[in-house]
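# Chain and residue survey
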Amino acid sequence: MTKIVIVGGVAGGASAAARARRLSEEAQIIMFERGPFVSFANCGLPYHIGGDIKERSNLLLQTPESFLARFNVDVRVMNEVLRINRDTKTVTIRNLIDHTEYEESYDFLLLSPGAGPVIPPISGLDNPLTYSLRNIPDMDNIMKAIQMNQPSHATVVGGGFIGLEMMEAFHQLGIKTTLIEMADQVMTPVDREMAGFAHAEIRDKGIDLRLGVALQSVEFVPTTSIANADAGETVRQQHLCGQLMLTLNNGDTLSTELLIMAIGVRPETQLAKDAGLQIGELGGIWTNESMQTSDPSIYAVG
């Protein structure tokens, strides 16, 4: 019996698991996901924050239980693959709930590790009012911050898809919004003339659009005391009220109560690098036309 192990359970990994089952009813398929959710609609996260998607459950396309029932795939959430042991064709996994480690063998391994948000080395970014949006826990944290703090102003850094969608979500919630983009236009893949229509629409909605400037530093100014916080409670979990004083590279400053960093993502390739797999020219995992990596037993998607 062929044994297929998949690392990553969102779009690429979940699609590959379903396709592998359709191609073989006998194969043993195990999918590992270090987060608590699989196969969620990550493109819909800003729309749930803004209220277009009413029910949170509508973002969850599959669950570990439904994957097992429908595709006979063993889905293990909160399990992080730490190492690929190519010589023994095994992977080392850590259970993030009980912190135990174990190994799982494979005949074929599929990597779908996804990407992480780009967090630039800007002074002051590590504060309880700054977020990125990549998954459902990120979305939950942003929604909790909005509910707890009732911000009157939010700032989004980055004019790509996530940045524009978060800008729109804040606008729909009645939160005054500033959008900061280092380039001279939003949605840099489109022509400048096309982006001009978006600029006009954004400004027509009363959004403070600032092009050609970059965030330089952040200062967190708390307005509540943390002296009585439980010892084990993190600063972010307290969702402190406060303000952020933002300094831009043109010398301008502004005050905001919620900051979203949406300047892009970079592929998560550390697992592949540690295993000695070839990395492509653009920084992703190298594959041939069949999505096969430099190891013929290992494939990659994303």
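Here the structure is a predicted model, which means the values were calculated and not measured.

About the criteria used
Residues numbered from 1 in each chain as written. Predicted model: local features only at pLDDT ≥ 70, side-chain atom pairs only at ≥ 80, totals over all residues. Heavy atoms only, no water. Helix = DSSP H or I, 4+ residues; strand = E, 2+ residues; numbered from the N terminus. Rg over C-alpha atoms; globule rule 2.2 N^0.38 Å. Buried < 20%, exposed > 50% of the residue type's maximum accessible area, 1.4 Å probe, protein only. Contact = heavy atoms within 4.5 Å. Areas by Shrake-Rupley, 256 points an atom, 1.4 Å probe, with all protein chains shown as cover. Lys, Arg positive; Asp, Glu negative; His and termini not counted. Charge placed at Lys NZ, Arg CZ, Asp CG, Glu CD. Core = buried A, V, L, I, M, F, W, Y, C linked by side-chain atoms within 4.5 Å. Salt bridge = Lys/Arg side-chain N within 4 Å of Asp/Glu carboxyl O. 1 Å grid on protein atoms, 1.4 Å probe; cavity = no way out; pocket = protein on both sides within 12 Å on 5 of 7 lines; lining within 4 Å. Points joined across faces, edges and corners; volume = space filled by probe spheres on them. Pairing = 2+ DSSP bridges. Axes fitted to C-alpha atoms, helices over the stretch in contact; angles between N-to-C directions.

For the rest of this paragraph, the subject is the overall build of the chain. Across its full length, the chain holds 8 helices and 18 strands. Against the globule reference of 19 Å for 302 residues, the chain gives a C-alpha radius of gyration of 22 Å, in line with a compact fold. In terms of its C-alpha atoms, the chain occupies a principal-axis envelope of roughly 60 × 55 × 35 Å. Per-residue burial over the chain gives 43% buried out of 302 residues. When contacts within the chain are restricted to residue pairs at least 6 apart in sequence, long-range pairs at least 24 apart make up 61% of them. With an accessible surface of roughly 15,600 Å², the chain has 51% of that area assigned to carbon and sulfur atoms. Side-chain charges in the chain split into 23 positive and 36 negative, and the spacing between the mean points of these groups amounts to 2 Å.

Attention now goes to the side chain of Thr-92. With respect to the helices and strands, Thr-92 occurs in strand β5 (residues 90–95). According to the relative accessible area criterion, Thr-92 is buried, its value standing at 4%. The contact partners of Thr-92, leaving out residues within four places of it in the chain, are Glu-80, Val-81, Leu-82, Arg-83, Asn-85, Glu-101, Tyr-102 and Glu-103.

Of note, Arg-266 is situated in strand β17 (residues 265–267). For Arg-266 and Ile-119, which are 147 residues apart along the polypeptide, the C-alpha to C-alpha distance reads 9.8 Å. Sequence-distant contacts of Arg-266, that is, excluding residues within four places in its chain, are made with Ala-115, Gly-116 and Val-118.

Before going further, it helps to spend a moment on the nonpolar core. Grouped together as the largest cluster of nonpolar side chains are 27 residues, with contacts concentrated most on Ile-49, Ile-142, Met-166, Phe-170, Leu-179 and Ile-202. Of all the secondary structure elements, the ones that give two or more residues to this core are α2 (45–50), α4 (136–149), β10 (153–157) and α5 (161–172). Of all hydrophobic cores here, the second largest spans 18 residues; its members include Val-91, Tyr-106, Leu-277 and Ile-285.

Let us look at the pattern of salt bridges. This model, assessed by the stated rule, comprises 12 salt bridges. Salt-bridge contacts for Arg-56 lead to Asp-140; the nearest nitrogen and oxygen are separated by 2.8 Å. With Arg-56 in the loop between α2 and α3 (64–71) and Asp-140 in helix α4, this residue pair connects regions lying 84 residues apart in the sequence. In this structure, Lys-205 engages Glu-201 in a salt bridge whose closest nitrogen and oxygen atoms are separated by 3.6 Å. Taking relative accessible area as the criterion, Glu-201 reaches 43% and is therefore assigned partly exposed. It is possible to trace a salt-bridge network through shared partners that takes in Lys-3, Asp-74, Arg-76 and Glu-104.

Approximately 1,000 Å³ is the volume found for the largest pocket. Looking at the largest pocket, it is lined by 41 residues, and the ones nearest its centre are Ser-112, Pro-113, Gly-114, Ala-115 and Glu-268. Within the residue set of the lining of the largest pocket, elements represented by two or more residues are α1 (11–23), β2 (28–33), β4 (79–85), β8 (115–117) and α8 (270–274). No other element matches the 4 residues that β4 contributes to the lining of the largest pocket.

Right, let's get into unusual backbone geometry. Phi at Met-78 takes a positive value of approximately 55°, unusual for a residue other than glycine. Here Met-78 is to be found in the loop between β3 (74–77) and β4.

For the rest of this paragraph, the subject is the sheet that holds β3. Read across the open sheet, the 5 strands follow the order β3-β2-β1-β7-β18; overall the sheet is parallel. Strands with a single pairing partner mark the edges of an open sheet, and in this sheet they are β3 and β18 (298–300). Neighbour to neighbour, the strand axes of the sheet diverge by 15° on average, direction disregarded.

Let us now look at the pairing of strand β14 (residues 242–248). Remark: a regular strand shows side chains that alternate across the two faces of the sheet. The side-chain alternation of β14 yields one buried face, formed by Gly-242, Leu-244, Leu-246 and Leu-248, and one unburied face, formed by Gln-243, Met-245 and Thr-247. With 7 bridges connecting them, strand β13 (residues 215–222) and β14 associate as antiparallel partners. Bridge pairing links Val-221 to Gln-243 in β14. Where β14 lies against strand β15 (residues 253–256), 4 bridges are found, and the strand directions are antiparallel. The residue of β15 that forms the bridge with Met-245 is Ser-255. With antiparallel pairing between neighbouring strands as the criterion, β14 and β15 make up a hairpin whose turn holds 4 residues, including Gly-251 at a positive phi of roughly 95°.

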